[in-house]
Amino acid sequence: MIRSKKFLVGSIFFLLNLSGTAQTIKGYTKEQVSEFSSKVEDQVRFLEYLLNTIGNGETSPRDKDVIIRESYLKIFRDEKVQVEDDLLLDRKVVTNKDVTAYLKDIEFFL
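Residues numbered from 1 in each chain as written. Predicted model: local features only at pLDDT ≥ 70, side-chain atom pairs only at ≥ 80, totals over all residues. Heavy atoms only, no water.

1. Some details on the overall build of the protein chain
Along its length, the protein chain carries four helices and two strands. Listed N to C, the secondary structure of the protein chain is α-α-α-β-β-α in terms of helices and strands. The 110 residues of the protein chain split such that 30% are buried. Long-range pairs, those at least 24 residues apart, make up 40% of the contacts in the protein chain between residues at least 6 apart in sequence. (Helix = DSSP H or I, 4+ residues; strand = E, 2+ residues; numbered from the N terminus. Buried < 20%, exposed > 50% of the residue type's maximum accessible area, 1.4 Å probe, protein only. Contact = heavy atoms within 4.5 Å.)

2. Re the pattern of salt bridges
Two side chains bearing opposite charge may form a pair once their charged atoms approach each other closely. Under the defined criterion, the tally for this structure stands at seven salt bridges. Between Glu-41 and Arg-45 there is a salt bridge, with its nearest N and O atoms 3.7 Å apart. One end of the pair is Glu-41 and the other is Arg-45, both in helix H2 (residues 30–55) and four residues apart, which spans about a single turn. On the basis of relative accessible area, Glu-41 is assigned to the partly exposed category, the value being 27%. Here Asp-42 and Arg-45 are joined by a salt bridge, their closest N and O atoms 2.9 Å apart. Taken together, the residues Asp-42 and Arg-45, both in helix H2 and three residues apart, mark about one turn of the helix. Residue Asp-42 is classed as partly exposed on the basis of its relative accessible area, which comes to 43%. Taken together, the shared-partner salt bridges connect Glu-41, Asp-42 and Arg-45 into one network. (Salt bridge = Lys/Arg side-chain N within 4 Å of Asp/Glu carboxyl O.)

3. Quick word on the nonpolar core
Counting 15 residues, the largest nonpolar core has Ile-54, Phe-76, Val-99, Leu-103 and Ile-106 as its most contacted members. Elements with a minimum of two residues in this core: H2, helix H3 (61–69) and helix H4 (99–109). The residues touching Leu-103, leaving out its near neighbours within four places in the chain, are Leu-51, Ile-54, Ile-67, Ile-68 and Tyr-72. (Core = buried A, V, L, I, M, F, W, Y, C linked by side-chain atoms within 4.5 Å.)

4. So, H2
Counted at 1.5 Å a residue, the expected span for H2 with its 26 residues is 38 Å, and the 37 Å between its end C-alpha atoms agrees. Val-33, Ser-37, Val-44, Leu-47, Leu-50, Leu-51, Thr-53, Ile-54 and Gly-55 are the residues of H2 that are buried. (Expected span 1.5 Å × (residues − 1).)

5. With respect to the packing of aromatic side chains
Within this structure, the stated rule accounts for two aromatic pairs. Judged by centre distance (5.7 Å) and plane angle (80 degrees), the ring pair of Tyr-28 and Phe-36 falls under edge-to-face. According to the relative accessible area criterion, Phe-36 is partly exposed, its value standing at 41%. (Phe/Tyr/Trp six-rings, centres within 6.5 Å; stacked < 30°, edge-to-face > 60°.)

6. Quick word on the environment of Pro-61
By the element assignment, Pro-61 lies in helix H3. Using a relative accessible area of 63% as the deciding quantity, one classes Pro-61 as exposed.

Given below as structure tokens:
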């Protein structure tokens, strides 16, 4: 979860930097870059909401199940997207999992 927060914070700083240098991106207008940045910010906020909802002990099992089986598709291309398993802080070997397996692990560990 710590890495997820670092990723989110890093993404936001990247987007802010991107919006400040929008005129230097070749092939896109400043308006297009602004629109893309806005869409990315919305997706990051939605992903943060999904992760926090799954990790919340007060969320009903039914709601968690809906997120794990369906809602994640609003962010990820399909169920085969690989996510680095960073839930164990002392992990020695990098392990990637399908996004649904990762979301189930969030529910289990948190």
